[in-house]
Amino acid sequence: MAQLPFIAAIDAGIHQEMRRDTSVLYFGQNLATTENHPFVAAFGHERVRVTPISETAEIGIAIGAAMAGLRPVVELYMAEFMLVAMDQVVNEAPRFRYMSGGQVKVPLVLKAGFGFAAGWAGQHTGSLTAMFMGVPGLKVVVPSTAADAKGLMATAIRDDNPVVFLHHYLLTLEHGEVPDGEHLVPFGKAEIRRAGGDVTVVATGWMVNRALAAATKLAGEGIQAEVIDPRTVAPLDLETILGSVAKTGRLVLVDQAPRHATVAGIIAGDVAEHGFGSLKAPIIQVTARDATVPYSEPLEAYVIPDEQRIIAAVRGVLENRR
Amino acid sequence: MSVQALNAERQIWVYKQMLRIREFEESVKRSFTEHPGVIRGHTHLADGAEASIVGSLVHFRLGDALLATYRCHGYPLVLGSDPKAMMAEIYGRADGLCKGLGGSMHLTDVAHGFLGTSGIVGAGIPHAAGVAWAAQIRKRGEVVLSFFGDGAAKQGAFHETLNIASLWKLPVVFVMENNGYNVVTLTAQEDANAAAGEPLAIKAKAYAMPGVTVDGGDPLAVHETVGEAIERARAGGGPTLVESKVYRLSAHGNLIAPPGVPLHYPEHEAIAVFGRRDEYEAALRGDPVPRFRGTLVSGGVLSSRKADEIKVEVAAEMSAAVAFALKSPFPRLESALENVYA
């Protein structure tokens with residue numbers, strides 16, 4: 001075990017797989033421009049390349065390379081940059097295996113940060129996870145710890161499908177214990193970050209930290225919240241969530257995206273359909289307020305879900321009122 | 001570099017492949033009237049582009065790859081795909097090349113080097129470059145052919161990809177089939193180079209790669225031009241943009257209509273939209289299939305009798321494909337949920 005910042009853990013995952021498998025490529029903008037770049041030094045320019053600011057071509061080239069048997073990892077930096085190339089992400093990469101009747105595989109990883117609520121204003125702060133999770137053929141990964149960042153990246157690279165790997169920018173320098181050597185975290189297996197019997201709280205990315213902080217405060221009032229981090233939203237481990245709701249009878253969903261663009265809404269629908277009998281109170285969703293993320297600090301904080309809103313939602317769901 | 005001329009036997013092979021494409025496309029077109037409802041959605045035919053397709057593919061070797069667009073019936077026929085499986089795919093049947101999951105716009109036959117198509121204009125161009133990156137890494141002298149239309153040259157994907165392909169010297173040849181129309185828009189109405197009277201191949205200059213224009217109605221000229229580009233790519237010289245001028249003899253696609261309305265092929269846009277009957281009739285007179293037959297017969301390469309025999313043989317092959325596809329069952333319903341993930 002080593003204490004590593006989140007961002008170094010992701011790199012460790014990529015490095016681990018590039019060393020293990022010569023078919024793994026890593027490329028993107030402003031990457032590998034000198035021989036001293038650690039990935040260039042280790043793997044050479046054949047497999048590690050800088051690209052122009054051409055997201056459509058970057059992702060499209062990754063699709064072609066994947067169809068030809070390689071395993072590209074595209075460094076996209078920000079989830080919004082995928083919007084420039086949305087056709088390649090949602091209407092090219094996940095379609096080819098299906099439309100060809102299973103003749104091709106498209107194993108690639110689109111690595112992008114998201115949710116940078118640190119004064120980045122309206123165009124670099126989005127929480128776009130839900131945009132990708134419903135696309136058949138895509139897998140979507142949202143790690144919240146450094147260890148998962150490494151292990152989920154390694155699993156993403158080994159996966160035979162296109163994977164959108166979304167890492168939260170506010171977690172970039174969060175340190176955590178990361179296993180040395182080969183480390184893989186399975187897809188579709190949620191992690192219970194904190195056990196509790198009174199209420200189930202589901203959150204992804206940075207919202208996991210806020211949910212855990214809220215749970216700590218609530219524990220002081222004698223309320224035991226169970227905090228679940230799905231880790232991958234496609235596939236989604238609904239079983240763990242439904243199992244927890246069967247125990248607690250209460251569900252609070254925390255999501256950094258605006259009200260109608262959330263993973264929370266999808267989970268709420270599934271739990272209402274498959275776990276209605278367990279629910280003792282209506283589900284409460286704590287989401288961003290419906291606005292573009294503002295620049296000014298107090299406004300930004302007002303729009304994005306915080307500890308207080310999570311605590312209020314938990315109290316609300318326990319008092320069985322909305 | 002010079003490309004070796006094709007001997008008589010290969011020239012006859014080229015003619016036969018052209019005829020196979022034409023006959024296949026005619027069979028598809030006839031299906032709309034002879035078997036109404038069997039073909040759904042939108043179907044795009046390659047008639048008129050046969051010489052360009054076959055001339056380009058003479059050079060195709062095992063290990064090379066091809067990616068194309070929704071107008072994709074011609075290429076796999078030449079590469080060796082079974083027309084029965086192709087027609088079954090177009091009819092949405094279990095024996096289809098893609099198990100009925102792709103249809104006319106998404107024919108794919110990996111075993112024959114045809115890696116697939118995108119139905120989104122221009123979107124497949126970067127895929128070809130990605131396959132070419134893999135070929136560059138493998139160092140086996142493999143090349144990738146990327147086929148697309150003139151309309152795609154206005155997409156960002158085209159420009160972004162040509163830049164990177166040239167920068168990285170990827171072994172890819174970009175074959176732009178310029179048929180003069182972007183659906184129902186004239187090229188000069190939507191392309192600055194065309195409006196200025198320039199060939200579209202001039203776009204290559206922006207990306208420091210050769211750009212050449214060729215008569216896509218002449219398979220031997222295409223063979224030579226694309227052949228040079230392929231030799232250059234195989235030798236590590238990087239990509240080329242080939243503008244192959246063709247005339248699409250059918251409308252862009254069949255009628256777009258909701259279910260219940262019988263589908264058919266409308267008249268070509270030259271007549272239906274622009275009232276240019278003369279232009280269309282001139283294109284028919286220049287039809288590359290009879291034109292190449294004339295060249296071969298008058299050059300003594302092929303006798304009229306042999307040419308007729310080939311035509312009969314090809315017609316039988318394609319009518320067998322139709323019969324096969326009509327008999328093929330629909331896929332099992334559960335197969336709709338297979339192949340979503342690998």
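Predicted, not measured: the structure shown is a model, and the values here were computed from it. (Residues numbered from 1 in each chain as written. Chains lettered and ligands numbered in written order. Predicted model: local features only at pLDDT ≥ 70, side-chain atom pairs only at ≥ 80, totals over all residues. Heavy atoms only, no water.)

**Thoughts on the overall build of chain B**
Counting its secondary structure elements, chain B contains 13 helices and eight strands. Relative to the compact-globule value of 20 Å for 342 residues, chain B shows a C-alpha radius of gyration of 19 Å, a close match. With respect to the principal axes defined by its C-alpha atoms, chain B has extents near 55 × 50 × 40 Å. Long-range pairs, those at least 24 residues apart, make up 74% of the contacts in chain B between residues at least 6 apart in sequence. Accessible surface for chain B amounts to roughly 13600 Å². Of this, 55% is attributable to carbon and sulfur atoms. Of the charged side chains in chain B, 33 are positive and 37 negative, and the gap between their average positions amounts to 3 Å. (Helix = DSSP H or I, 4+ residues; strand = E, 2+ residues; numbered from the N terminus. Rg over C-alpha atoms; globule rule 2.2 N^0.38 Å. Contact = heavy atoms within 4.5 Å. Areas by Shrake-Rupley, 256 points an atom, 1.4 Å probe, with all protein chains shown as cover. Lys, Arg positive; Asp, Glu negative; His and termini not counted. Charge placed at Lys NZ, Arg CZ, Asp CG, Glu CD.)

**Topic: empty space enclosed by the protein**
All names here are of chain A. As enumerated under the stated definition, the model contains three cavities of 30 Å³ or more in all. Lining the largest cavity we find 16 residues, and of these Phe114, Thr129, Thr204, Asp255 and Gln256 sit closest to its centre. For the lining of the largest cavity, the elements supplying multiple residues, two or more each, are helix 7 (129–133), helix 9 (206–220) and strand 13 (251–258). With four residues, the single largest contributor to the lining of the largest cavity is strand 13. Here the lining of the largest cavity is built from residues that sort into nine nonpolar, six polar and one charged. Counting the residues that make up the lining of the largest cavity, at least three belong to each of domain 1 (2–178) and domain 2 (191–318). Reported here for the second largest cavity is a volume of approximately 50 Å³. Around the second largest cavity sit Val202, Ala203, Thr204, Leu253, Val254, Asp255, Val263, Ala264 and Ile267, which together line it. Within the residue set of the lining of the second largest cavity, elements represented by two or more residues are strand 10 (199–203), strand 13 and helix 11 (263–274). (1 Å grid on protein atoms, 1.4 Å probe; cavity = no way out; pocket = protein on both sides within 12 Å on 5 of 7 lines; lining within 4 Å. Points joined across faces, edges and corners; volume = space filled by probe spheres on them. Nonpolar A, V, L, I, M, F, W, Y, C, P; charged D, E, K, R; others polar. Domains from an automatic or database assignment.)

**Considering the pattern of salt bridges**
Residue and element names in this part refer to chain A. By the definition in use, this model includes 35 salt bridges over all chains. Among the salt bridges present, the one from Arg231 reaches Asp148, with a minimum N-O distance of 3.1 Å. Of this pair, Arg231 sits in the loop between strand 11 (225–229) and strand 12 (232–234) while Asp148 is found in helix 8 (residues 146–158), placing the two residues 83 residues apart along the sequence. Like Asp148, Arg231 is buried. Several salt bridges share partner residues, and in doing so they unite Asp148, Glu191, Arg193, Asp229 and Arg231 into one network. (Salt bridge = Lys/Arg side-chain N within 4 Å of Asp/Glu carboxyl O. Buried < 20%, exposed > 50% of the residue type's maximum accessible area, 1.4 Å probe, protein only.)

**Section: the interface of chain B and chain A**
Contact residues are listed per partner, giving 40 residues for chain B and 41 residues for chain A. Between chain B and chain A lies a buried interface of about 3300 Å² when both sides are counted; carbon and sulfur atoms form 63% of it. The tally of links between chain B and chain A comes to one salt bridge. With a shortest N-O distance of 2.7 Å, A:Glu46 and B:Lys139 are connected by a salt bridge. Joining chain B to chain A, the criterion identifies 18 residue pairs in polar contact (both at pLDDT 80 or more). Broken down by secondary-structure element, the contributors of at least two residues to the side of chain B that touches chain A are strand 2 (114–118), helix 5 (124–138) and helix 6 (156–167) of chain B. Top contributing element to the side of chain B that touches chain A by residue count: helix 5 of chain B, with ten residues. (Buried area = accessible area lost by both parts, 1.4 Å probe. Polar contact = N/O pair within 3.5 Å; in protein donor to acceptor, adjacent residues only side chain to side chain.)

**Regarding the sheet that holds strand 12 of chain A**
All names here are of chain A. The seven strands lie next to each other as 3-2-4-5-7-6-12, forming an open sheet whose pairing is mixed. In the strand order of this sheet, the two ends are held by strand 3 (48–51) and strand 12, each with one partner. When strand polarity is set aside, the average angle formed by the axes of neighbouring strands in this sheet is 20°. (Pairing = 2+ DSSP bridges. Axes fitted to C-alpha atoms, helices over the stretch in contact; angles between N-to-C directions.)

**Topic: the layout of surface pockets**
Residue and element names in this part refer to chain B. The calculated volume of the largest pocket comes to roughly 430 Å³. Taken together, 35 residues form the lining of the largest pocket, with Thr69, Tyr70, Phe148, Gly149 and Asp150 sitting closest to its centre. Residue assignment for the lining of the largest pocket shows that the elements contributing at least two residues are strand 1 (65–69), helix 5, strand 3 (144–149) and strand 5 (181–182). When residues of the lining of the largest pocket are assigned to their parent elements, the largest contribution, four residues, is made by strand 3. Considering only residue class, the lining of the largest pocket consists of 18 nonpolar, eleven polar and six charged.

**Examining the side chain of A:Thr232**
All names here are of chain A. Here Thr232 is to be found in strand 12. Separated by 2.7 Å, the side chain of Thr232 and the backbone oxygen of Pro235 make a polar contact. Residues in contact with Thr232, not counting those within four places in the same chain, are Val140, Val141, Val142, Leu152, Phe187, Gly188 and Lys189.

**Remarks on the sheet that holds strand 9 (residues 191–194) of chain A**
Residue and element names in this part refer to chain A. Pairing is mixed across the open sheet formed by five strands, whose spatial order is 9-11-10-13-14. Both outer strands of the open sheet, strand 9 and strand 14 (284–288), are each paired with one neighbouring strand and no more. Here the average twist between neighbouring strands, direction ignored, is 25°. One ladder, built from four bridges, connects strand 10 with strand 13; its direction is parallel. When the bridges of strand 13 are listed, Thr200 appears paired with Leu251.

**Describing the packing of helix 1 (residues 6–20) of chain A against helix 8 of chain A**
Between two packed helices, the angle of one axis relative to the other and the distance separating the axes together describe the packing. All names here are of chain A. At a minimum axis distance of 7 Å, the contact between helix 1 and helix 8 shows a crossing angle of 30°. By the criterion of interaxial angle, the relationship of helix 1 to helix 8 is roughly parallel. Where helix 1 crosses over helix 8, the handedness of that crossing is right-handed. Together, Phe6, Ala9, Ile10, Ala12, Gly13, Ile14, Gln16, Glu17 and Arg20 of helix 1 and Ala146, Ala149, Lys150, Met153, Ala154, Ile157 and Arg158 of helix 8 make up the contact between the two elements. (Parallel < 35°, antiparallel > 145°, perpendicular 65-115°, else oblique. Left-handed = near helix turned anticlockwise from the far one by under 90°.)

**Thoughts on the pairing of strand 7 (residues 162–168) of chain A**
Residue and element names in this part refer to chain A. In terms of residue burial, strand 7 counts as a mostly covered element, since seven of its seven residues are buried. Along strand 7, one buried face is formed by Pro162, Val164, Leu166 and His168 and the opposite face, lined by Val163, Phe165 and His167, is buried too. Relative to strand 7, strand 5 (residues 108–114) is paired through seven bridges, and the arrangement is parallel. Following the sheet pairing, Lys111 is matched in strand 7 by Phe165. In this structure, strand 6 (residues 139–141) lies alongside strand 7, joined through three bridges in parallel fashion. Residue pairing across strands places Val141 opposite Phe165, the latter belonging to strand 7. Traced from strand 6 through helix 8 to strand 7, the parallel crossover comes out right-handed. (Right-handed = clockwise from strand over helix to strand, strands pointing away.)

**A look at the domain arrangement of chain A**
Residue and element names in this part refer to chain A. For chain A, the assigned domains read domain 1 (2–178) and domain 2 (191–318). The C-alpha centroid of domain 2 is placed 26 Å from the C-alpha centroid of domain 1. Across the interface of domain 1 and domain 2, roughly 2000 Å² is buried in total on both sides, 60% from carbon and sulfur atoms. Taken together, the links from domain 1 to domain 2 amount to two salt bridges.

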